[in-house]
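# Chains, contacts and geometry: an overview
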Amino acid sequence: MDMQTIKARAGDHNLENYEEKYKNFNWDEVKSNFTWSETDKVNIAYETIDKHAADPAKKDQAALIYSSPDREETLSFDQLKRKSNQFANVLKKYEIEKGDRVFLFMHRSPEFYAAFFGILKVGAIAGPLFEAFMEQAVRDRLEDSEARMLITTPDLLERVPLNELPNLEKIVLVGGSDSDHHINFEKEMQKASEDFEIEWVDLEDGMLLHYTSGSTGKPKGVYHVHNAMIQHYQTGKWVLDLKDDDVYWCTADPGWVTGTSYGIFAPWLNGVTNVVRGGRFSPDDWYGTLDDKNVNVWYSAPTAFRKMLSAGEEAVKKHDLSSLRHILSVGEPLNPEVITWGLKAFDLRIHDTWWMTETGAMLICNYPSEDIRPGSMGRPLPGIKASIVDNEGNELPANQMGNLAIKEGWPSMMRAVWDNPGKFESYFINGWYVSGDSAYRDEDGYFWFQGRLDDVINTSGERVGPFEVESKLIEHEAVAEAGVIGKPDPERGEIIKAFVTLRDGYSESDELLEDIRQFVKKGLSAHAAPREIEIKDTIPKTRSGKIMRRLLKSWELGLPTGDTSTLEE
Ligand code: PRX
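Residues numbered from 1 in each chain as written. Predicted model: local features only at pLDDT ≥ 70, side-chain atom pairs only at ≥ 80, totals over all residues.

### Here's the deal with the site of the ligand
By nearness alone, 21 residues border the ligand, and Trp-354, Met-356, Thr-357, Phe-449 and Arg-463 come closest of all. Of all the secondary structure elements, the ones that give two or more residues to the shell around the ligand are helix H9 (257–269), strand E14 (350–354), strand E21 (432–441) and strand E22 (447–452). (Near = placed C-beta within 6 Å. Helix = DSSP H or I, 4+ residues; strand = E, 2+ residues; numbered from the N terminus.)

Okay, structure coming up:
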């Protein structure tokens with residue numbers, strides 16, 4: 001194969017000569033970087049914040065630079081330590097214990113970060129919810145996790161069905177008023193001490209729950225433990241290539257795993273200044289953020305890059321982007337044309353990285369010190385064994401497509417699916433974690449993503465389960481049955497397309513289709529609402545009643561329909 005490669009550039013990269021240097025690398029080596037308590041315990045909140053606050057050279061360095069259209073605020077490591085201590089004291093006052101689930105449903109703000117670390121400092125498990133979630137999405141997650149406390153804002157509280165959540169004992173309102181019957185964040189913080197004795201925990205104790213979608217059933221709670229810090233820390237060095245004085249910006253919301261692993265943990269474990277931008281996406285504001293904050297390392301997603309590309313060259317030229325040194329991408333296939341644009345717009349390569357909510361941290365990546373093959377996700381990290389396996393878990397030779405799989409046992413791997421051991425077990429075959437992605441590996445060990453093997457939809461880098469959308473659709477009074485697929489789209493990767501049958505007495509009209517769309521948007525979230533809805537006379541199902549999404553997709557794309565022997569009469 002004649003392969004175009006983009007050569008690595010000379011520079012002082014953290015991961016030079018990695019194959020030789022890390023041939024016998026063992027993740028346990030990383031543990032010596034952490035502070036162990038007298039009882040041989042740790043806490044990821046200590047490593048991310050308090051450790052730097054205790055270092056005279058670092059304590060006053062900006063940890064968080066928060067910027068949104070109506071608010072600018074900078075917090076040093078020392079300030080973030082004090083604020084999170086205060087919140088930890090508030091949690092103690094309201095009897096939150098180690099292992100309790102405490103959820104956050106709020107916009108990105110300095111208060112979010114204080115609360116997040118407060119939760120970790122008492123040894124509780126944080127559950128950040130994406131701010132765009134609507135009632136059903138919020139209820140499913142709080143119900144499944146049996147969360148005891150929710151931290152939210154008055155505008156988002158309207159979407160929390162308080163009467164239907166018996167385990168949810170306490171609500172903390174950020175920016176609430178005196179007349180609210182809830183815990184007032186600002187008042188409690190004012191009264192709380194800035195000193196707090198951190199709860200030291202075992203590496204295997206829980207810290208985070210992220211809900212994510214599969215092809216069947218409701219979203220699943222992916223459970224992560226403090227041990228993940230080993231990989232967050234090390235990939236921050238190796239892949240983000242972070243240096244002590246860097247200004248770093250990860251654009252992901254902490255409601256998604258990229259926004260926690262790489263929007264919180266990796267940068268702060270490495271003690272760098274972390275930029276957080278609130279507000280909506282606009283190419284011009286984003287170029288502005290890179291410029292104003294002098295961002296050195298930038299981690300974002302193909303959908304955003306494509307939108308910035310569409311904004312044209314003028315948008316780039318208006319800004320001084322000379323601070324930018326390193327760009328990375330995650331969440332969807334990174335198109336070679338985006339890499340070409342990156343070279344032109346920034347004179348930098350964009351480095352693709354592959355991983356998932358379940359894997360907790362990066363696994364297959366492109367490094368600054370390595371050549372890039374556009375279209376490839378790169379190669380497995382030192383200490384990670386990735387392969388392509390068949391359905392029985394046997395490894396396949398190079399250039400053969402199959403299941404992208406990882407040998408069990410990397411530090412940041414999920415430890416459970418909340419309250420669903422069967423689901424957790426189902427990920428593993430023959431010692432391999434099977435990702436659900438199809439890919440192949442070339443002779444030189446570069447991995448090439450081919451697609452999802454299940455029906456999970458990836459729209460603008462956000463993972464949506466068709467079952468969740470179908471369930472919501474059939475709650476609409478006009479909808480009898482529904483089947484939902486991802487339809488390829490040049491900007492968003494995929495869009496959600498729904499096929500529905502109507503109940504008796506309803507007929508197709510533009511108003512009805514819009515009403516159905518809005519119904520899903522208001523029930524679940526904007527990103528889960530189908531952009532296209534098509535009315536059908538029937539939805540194809542197997543004899544056992546399963547919706548044949550593959551067939552819907554083949555029809556939609558005009559592809560051969562394959563084996564339809566299980567199709568219902
Ligand atoms: O299909 C793969 C796609 O996103 C899925 C994981 O989604 P999520 O758990 O939401 O995590 C996203 C961010 C870590 C994967 O199964 N995906 C992720 N990275 C890439 C990708 N597809 C292609 N190229 C990537 N670099």
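### With respect to the sheet that holds strand E26 (residues 493–502)
Strand order across the open sheet formed by three strands is E25-E26-E27, with mixed pairing between neighbours. A single partner strand is all that each edge strand has here, and the edge strands are strand E25 (479–489) and strand E27 (532–535). Mean inter-strand twist for the sheet, computed between neighbouring axes without regard to direction, equals 25°. Pairing of E26 with E27, which is carried by four bridges, proceeds in the parallel orientation. Bridging from a neighbouring strand, Ala-498 pairs with Ile-533 of E27. (Pairing = 2+ DSSP bridges. Axes fitted to C-alpha atoms, helices over the stretch in contact; angles between N-to-C directions.)

### Quick word on helix H11 (residues 302–310)
One turn of the α-helix equals 3.6 residues, which is why residues spaced by three or four share an orientation. Within the sequence span of H11, burial applies to Pro-302, Thr-303, Phe-305, Arg-306, Met-308 and Leu-309. On the buried face of H11, the contacting elements are helix H10 (283–292), strand E12 (297–300), strand E13 (326–329), helix H13 (336–346), E14 and E26. One or two positions beyond H11, positive phi appears at Gly-312, with a value near 90°. (Buried ≥ 20, exposed ≤ 12 C-beta atoms within 10 Å, placed from the backbone. Contact = placed C-beta atoms within 7 Å.)

### Remarks on the confidence of the model for the protein chain
Model confidence for the protein chain is summarised by a mean pLDDT of 95, while 99% of its residues fall at 70 or above. Taken together, the chains of this predicted complex give a pTM of 0.94 and an interface ipTM of 0.99. (pLDDT = per-residue confidence, 0-100.)

### With respect to the pairing of strand E8 (residues 206–212)
Counting buried residues in E8 gives six out of seven residues, a clear majority hidden from the surface. Bridge count between E8 and strand E9 (residues 220–225): six bridges; the pairing is antiparallel. Bridge pairing in E9 places Thr-212 opposite Lys-220.

### Examining the sheet that holds strand E11 (residues 273–277)
Taken together, the nine strands give an open sheet; going across it, the order is E2-E1-E11-E10-E12-E13-E14-E15-E16, and neighbouring strands pair in mixed fashion. Whereas interior strands pair on both sides, the edge strands pair on one side only; in this sheet they are strand E2 (71–76) and strand E16 (379–380). Looking at chain direction, E12 and E13 are connected through four bridges and run parallel. Within E13, the residue paired with Trp-298 across the bridge is Ile-327.

### Quick notes on the pairing of E9
Taken across its six residues, E9 has six buried, putting it largely inside the fold. Bridge count for E9 against strand E19 (residues 416–417) is two bridges, and the pairing is antiparallel. Within the sheet, the bridge partner assigned to Val-222 lies in E19 and is Val-417.

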